[in-house]
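The chain contents come next:
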There are 2 protein chains.
Amino acid sequence: MTPTPALVQRSTRAAEIVAVARRILEEEGADALTMRRLASAVGMQAPSLYKHFGTKRAVEAALVEHGLFELGTVLHTAVAGGARRGGGPVRRLLTAYRTVALANPALYRLATAGPLPREDLPAGLEDWAGEPFFLAAGDPWRAQALFAFAHGMVVLELDDRFLPESDVRPTWEAAARAFS
Amino acid sequence: MTPTPALVQRSTRAAEIVAVARRILEEEGADALTMRRLASAVGMQAPSLYKHFGTKRAVEAALVEHGLFELGTVLHTAVAGGARRGGGPVRRLLTAYRTVALANPALYRLATAGPLPREDLPAGLEDWAGEPFFLAAGDPWRAQALFAFAHGMVVLELDDRFLPESDVRPTWEAAARAFS
DNA sequence: CGTACTTGGCTAACGTTGTTAGCTAACAGT
DNA sequence: ACTGTTAGCTAACAACGTTAGCCAAGTACG
């Protein structure tokens, strides 16, 4: 319902840096995303990056922005996408959430773990990305609970925190039923 | 039901290092826990720490061990503790979980976020700490869901990820009812 | 009793990290 | 034609985890 927020406008070079940073993040992991590695992958020296981003956190904030935007896009279409796809909106939301998170694990962690760099993010982006939970759950408390469940499941899955023999999909299924 | 696992036995000095590390972690944050800072707080030079712990990760593993042990202790007594305290076992479990996690936020994050240093942990400790969820929930899938919800709520609370005006306790209450 | 070994401290140093200072070539504006 | 601004560079700094190598004190034992 809230209009899609606009992404921060960036110069060609800055956009290229963010794109390369994202590739490094997903292909080589969060530890590989250093200023020197990023600079070399983009064809310059590390200090030159500071002509485009004031700090490494600013680069990460740009990545978080992309992550939240994509997550929000997927979740909104999942909730809105009619009864064509299986189940109710809650089920579609949960499926979409898990899919996009597991598809970009490093970006998901960056965007959802640790404190948010709110001052470097477009206003409203965070709320907009979380809105599908309210749309699907009905009231704010169920939305909170649904969000907490989904986030908890995903990070525990990513961290390999469940018992090895335990299958995780029945739990998602059960939650979808419980919250519908 | 599973017997309480034994903690790793450590020399006096090593135990002191872990205790100091924990104090630094909670009082000054995870970033302040550096080998030099830790060494100086314990009265030695950084390289001397390596006479007691092979790596920084090993120090952190010792902290994780403490964290899981305390969490497990609290959760087990919460679930077992008769009908004296309010509500059913699920409600007591959730209250205890939130309380201990918010009381030691940095330790909680260290113990539950990111991959576990399983090879440096006493065998069975992880399972034992998670067992109360199975005891309270009944079957494994509900246990998984309950754990994911509790963990998700706590990390989102710690990361200040909920909307500022949103009260979080009704959500815990509702979950306690839903899982009972 | 002396000797060998272990324990636990030290200093110096290495490589990597984020970041700053200061220089410079290219380009735009008046 | 001068003057900024933009975007690159090299050199360097402090802090990080960690390793190497030295040395004093204690301990085991023949």
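Here, every reference points to the structure presented above.
Let me begin by describing the structure that accompanies this report. Counting of residues starts from 1 at the beginning of each chain's written sequence and follows it residue by residue. All chains are assigned letters beginning with A, and all ligands numbers beginning with 1, in the order in which they are written. In keeping with the predicted nature of the model, local features appear solely for residues at pLDDT of at least 70, side-chain atom pairs appear and are counted solely at 80 or more, and the whole-chain, interface and lining totals rest on all residues. Hydrogens and water are ignored here; the side-chain numbers use all heavy atoms of the structure.

## Notes on the relation of the copies chain B and chain A
In this comparison the copies share one frame, found by least squares on the C-alpha atoms of residues holding pLDDT of at least 70 in both. Superposition of chain B onto chain A requires a rotation of 180 degrees combined with a translation of 0.0 Å along the rotation axis, giving an RMSD of 0.1 Å. The relationship between the two copies is best expressed as a two-fold rotation axis. The overlap is high: 100% of the interface residues of chain B also sit at the interface in chain A, so the same surface is used on both sides. Two residues form a contact once any of their heavy atoms are found within 4.5 Å.

## Focus: the protein's contact with DNA strand D
Around DNA strand D sit 16 residues in total, of which Q45(A), S48(A), H52(A), T55(B) and K56(B) are the nearest. For DNA strand D, the fraction of protein-proximal atoms (within 4 Å) that sit in sugar or phosphate groups is 44%. For the purposes of these results, a polar contact is taken to be a pair of N or O atoms within 3.5 Å, where, inside protein, one atom must be able to donate a hydrogen and its partner to accept one; residues adjacent in sequence count only when each atom of the pair is a side-chain atom. M35(B) has a polar backbone atom sitting 2.8 Å from a phosphate oxygen of DNA strand D. T55(B) is positioned such that a nitrogen or oxygen atom in its side chain is 2.7 Å from a phosphate oxygen of DNA strand D. Numbering of helices and strands runs from the N terminus; a helix is a DSSP stretch of H or I covering at least four residues, while a strand is a stretch of E covering at least two. Counting only elements with at least two residues in the surface near DNA strand D, the list comes to α3 (46-49) of chain A together with α2 (35-42) of chain B. We call a residue near a molecule or strand when any one of its heavy atoms sits within 4 Å of it.

## Some details on the protein's contact with DNA strand C
If you check the shell around DNA strand C, you find 16 residues, and the closest are T55(A), K56(A), Q45(B), S48(B) and H52(B). Each atom of DNA strand C within 4 Å of the protein was classed as base or backbone; sugar and phosphate made up 40%. Contact distances for DNA strand C include 2.4 Å between a phosphate oxygen and a side-chain N or O atom of H52(B). Looking at the surface near DNA strand C, the elements with two or more residues in it are α2 (35-42) of chain A together with α3 (46-49) of chain B. The class makeup of the residues in the surface near DNA strand C is 6 nonpolar, 5 polar and 5 charged. Ten residues, namely Ala, Val, Leu, Ile, Met, Phe, Trp, Tyr, Cys and Pro, are considered nonpolar, four, namely Asp, Glu, Lys and Arg, are considered charged, and the remaining ones, Gly among them, are considered polar.

## Here's the deal with the environment of A30(B)
Residues and elements named next belong to chain B. Its location among the elements puts A30 in the loop between α1 (12-28) and α2. Residue classification places A30 among the exposed residues on the basis of a relative accessible area of 52%. It is 29 Å that separates the C-alpha atoms of A30 and T77, two residues lying 47 residues apart in sequence. Only protein chains enter the calculation, and the probe is 1.4 Å; a residue is then buried if its accessible area is under 20% of its type maximum, exposed if over 50%, and partly exposed in between.

## A short note on the interface of chain B and chain A
Counting from both sides, the interface comprises 32 residues of chain B and, opposite them, 32 residues of chain A. Overall, the association of chain B and chain A removes approximately 2500 Å² of surface from exposure, summing both partners, and the carbon and sulfur fraction of that is 56%. Of all residues in chain B, W141(B), Q144(B) and R161(B) bury the most surface against chain A, accounting for 26% of the area lost on that side. Salt bridges are defined by distance alone: a side-chain nitrogen of Lys or Arg within 4 Å of a carboxyl oxygen of Asp or Glu. For the pair chain B and chain A, the number of links is 2 salt bridges. A salt bridge links R118(B) to D160(A), with the nearest nitrogen and oxygen atoms 3.9 Å apart. Joining chain B to chain A, the criterion identifies 14 residue pairs in polar contact (both at pLDDT 80 or more). Counting residues per element, the ones that place at least two in the side of chain B that touches chain A are α6 (105-112), α7 (125-137), α8 (140-158) and α9 (169-178) of chain B. For the side of chain B that touches chain A, the element with the most residues is α8(B), which contributes 11 residues. Of the residues belonging to the side of chain B that touches chain A, the class tally is 17 nonpolar, 7 polar and 8 charged. Two parts lose some accessible area (1.4 Å probe) when they are put together, and adding that loss for both gives the buried area.

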